[in-house]
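Next come the chains, spelled out residue by residue.
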Amino acid sequence: MNPSDLYKAALGELQTVLTELIYKAYFYPTKVGDCSESTFEIVCPSNHVKDYLNKKFYGLLKNTLDRIGNGNYQIIFKVDEQKVETKTDDLPLFVPAKIKESASRENLDEYNNLSQKYTFETFIVGPSNRLAHAIATAITENPGKVYNPFFLHAGVGLGKTHLIQAIGNHILKSAPKTKVVYATAESFMNELIEAIQEGRNKNYIANKFRNKFRKADVLLIDDIQFIAGRGEATQEEFFHTFNALYMAQKQIVLTSDRPPKELSRLDVRITSRFSSGVVADMQKPDVETRSAILREKRNQMRAEVENDVVDYIAQIVETNIRELEGAFLQIITQAKAEGLAVTKEYSAKVLGQVIPGKINVNINEVLKAVCNYYSIKMTDLKGPKRLKEYVLPRQVSMFLLKKYSGTPFMAIGDLLGGRDHTTIMHGSEKIEKEINADTRLRQDIVNIKRTLNINVD
Ligand code: ADP
Ligand code: MG
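Residues numbered from 1 in each chain as written. Chains lettered and ligands numbered in written order. Predicted model: local features only at pLDDT ≥ 70, side-chain atom pairs only at ≥ 80, totals over all residues. Heavy atoms only, no water.

Identification of the chain as Chromosomal replication initiator protein DnaA from candidate division WWE3 bacterium RIFCSPLOWO2_01_FULL_41_18 is taken from an unreviewed UniProt entry. Under Subcellular location (unreviewed entry), UniProt gives the following word-for-word description of the chain: "Cytoplasm". (UniProt positions renumbered as here; feature names shortened; annotations may be inferred.)

So this is what it looks like as structure tokens:
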């Protein structure tokens, strides 16, 4: 398949799993550049698209291309130099397509930048976020009067952007005339720099900027940690914006990836203000909450996946909600491409590949290699019989899968004919121990690893 056909096929597939907005804004305007055996170049219309794709979709794109093209590509994103001037970078991320088409840069400035998908209705509440959610809803009933400012902190992918935007969306729904301004701290800074440049010769900060931020009724600034350690001008302007709004009893909500006292590079005049309102955090969700969240996502996507499979995925991906969603998306995409149903077994297989930080080996190939090496059948490897000639290969499989595919014990259990995760754990640990004393076993494993191209030293 030539690169252009391969890319077309990949896009066709991605289109079915991404939201229309994301697809249209990011994937649709790209094209194929120079490709080789091992590299795949994608030409983007702007830096923003390039960075966004690279940051959020590298894995998904690579996986899709590798699979369809049966290769192992390094993806290179490049910006189309001729198009950079069109300034698509300035468009907010989630402008509905209709608005985006008709909007010029000027009338976007009034636009509040909120994504419709982040609402309270789609925000699942559990022990990990109950307090933050309660404060957020209370604020929407009485903006500026209670809990002001509201400082929300949580690790990456735990729902900060969702919750802060839900506040904005809800206020706009019940009082459409409210001037709600949402910005990331990064775009606050970028807009400020632009405003300073515009006013450079006249020695003022362009009014447009101040009108936007200082006339807000509700100011929502996401990822405030970004401002810490930035130039004095940014911190200073933020401080004055904050003060002006606070004095006027306007609602301010800030999110951060860490608590106020750990924002050490932020001016204390600013951090001390944060603590004068209310500070709340969100923790990693427990397994029940993760299940509830993933079931909600499944319903939104209208994906046909049974509850028990959804719950299984939620059980395994513990890191954060973004990764949980990402893993789910990956499973659905791959299953669709292969024309297979999303079962627990299938999910386990994909999860073994996507859970980050481990060497990527193909699970089925590991099992096949073990069967070949010990001359046993796959059905016996996975089967119930506890004969000695099956038990050892089974334990070696457990060990290899755990060590080199990063597959969680529970998933390995499912792959090996529905065994309990404690069985897998013991099996894997047993080999890990014996490998030191038993030279024969050690050599067996080295040999199997060689057939799998796993580094043997
Ligand atoms: P953060 O801004 O903290 O990095 P996001 O708000 O972007 O995280 O959340 C990551 C993803 O997880 C989003 O798609 C969001 O909709 C989803 N998410 C987070 N928390 C919840 C929740 N409580 N209920 C439903 N979806 C959630
Ligand atoms: Mg965020």
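Chemist: So what about the site of ligand 1? Which residues, and what values?
Modeler: Close contacts around ligand 1 come from 18 residues, with Gly-157, Thr-161, His-162, Arg-322 and Glu-325 the closest. Between ligand 1 and Gly-157 there is a distance of 2.7 Å, counted from an oxygen atom to a backbone nitrogen or oxygen. With respect to ligand 1, the side chain of Arg-322 contributes an N or O atom lying 2.7 Å from an oxygen atom. Taking 550 Å² as the accessible area of ligand 1 by itself, protein coverage stands at 95%. At the level of secondary structure, the elements contributing two or more residues to the shell around ligand 1 comprise helix H7 (160–174), helix H12 (287–301) and helix H14 (321–338). The class makeup of the residues in the shell around ligand 1 is seven nonpolar, seven polar and four charged. Residues from two domains meet in the shell around ligand 1; each of domain 2 (130–282) and domain 3 (287–350) gives at least three. (Near = heavy atom within 4 Å. Polar contact = N/O pair within 3.5 Å; in protein donor to acceptor, adjacent residues only side chain to side chain. Areas by Shrake-Rupley, 256 points an atom, 1.4 Å probe, with all protein chains shown as cover. Helix = DSSP H or I, 4+ residues; strand = E, 2+ residues; numbered from the N terminus. Nonpolar A, V, L, I, M, F, W, Y, C, P; charged D, E, K, R; others polar. Domains from an automatic or database assignment.)

Chemist: Could you give me a rundown of unusual backbone geometry, with the residues and numbers involved?
Modeler: Along the chain, Asn-148 connects to Pro-149 via a cis peptide bond; the corresponding omega equals -10°. Mapped onto the elements, Pro-149 comes out in the loop between helix H6 (130–141) and strand E4 (150–154). One non-glycine residue, Asp-223, lies in the positive phi region at around 60°. As for its position among the elements, Asp-223 is in the loop between strand E6 (218–222) and helix H10 (232–247). We note that Gln-249 has phi near 55°; this positive angle belongs to a residue other than glycine. Take Gln-249: it is sitting in the loop between H10 and strand E7 (251–256).

Chemist: Quick one: what's the story with helix H9 (residues 207–214), residue by residue and with numbers?
Modeler: Buried within H9 are the following residues: Phe-209, Lys-212 and Phe-213. Relative to the axis of H9, the buried residues are bounded by an arc of 85° and lie together on one face. Against the buried residues of H9 lie strand E5 (180–184), helix H8 (185–198), E6 and H10. (Buried < 20%, exposed > 50% of the residue type's maximum accessible area, 1.4 Å probe, protein only. Arc of directions from axis to C-beta. Contact = heavy atoms within 4.5 Å.)

Chemist: Break down the sheet that holds strand E1 (residues 31–32) for me, citing the residues and quoting the values.
Modeler: Pairing is mixed across the open sheet formed by three strands, whose spatial order is E1-E2-E3. The outermost strands of the open sheet, each flanked by one partner alone, are E1 and strand E3 (74–79). The pairing of E1 with strand E2 (residues 39–44) spans two bridges and is antiparallel. In the strand pairing of E2, Val-32 is matched with Ile-42. (Pairing = 2+ DSSP bridges.)

Chemist: Give me the lowdown on the environment of Thr-407, citing residues and values where you can.
Modeler: By the secondary structure assignment, Thr-407 is in the loop between helix H18 (388–405) and helix H19 (409–415). Along the primary structure Thr-407 and Ile-363 are separated by 44 residues, whereas in three dimensions their C-alpha atoms are 8.6 Å apart. Apart from the residues within four sequence positions on either side, Thr-407 is in contact with Ala-348, Gly-352, Ile-363, Leu-401, Lys-402, Ile-412 and Leu-415.

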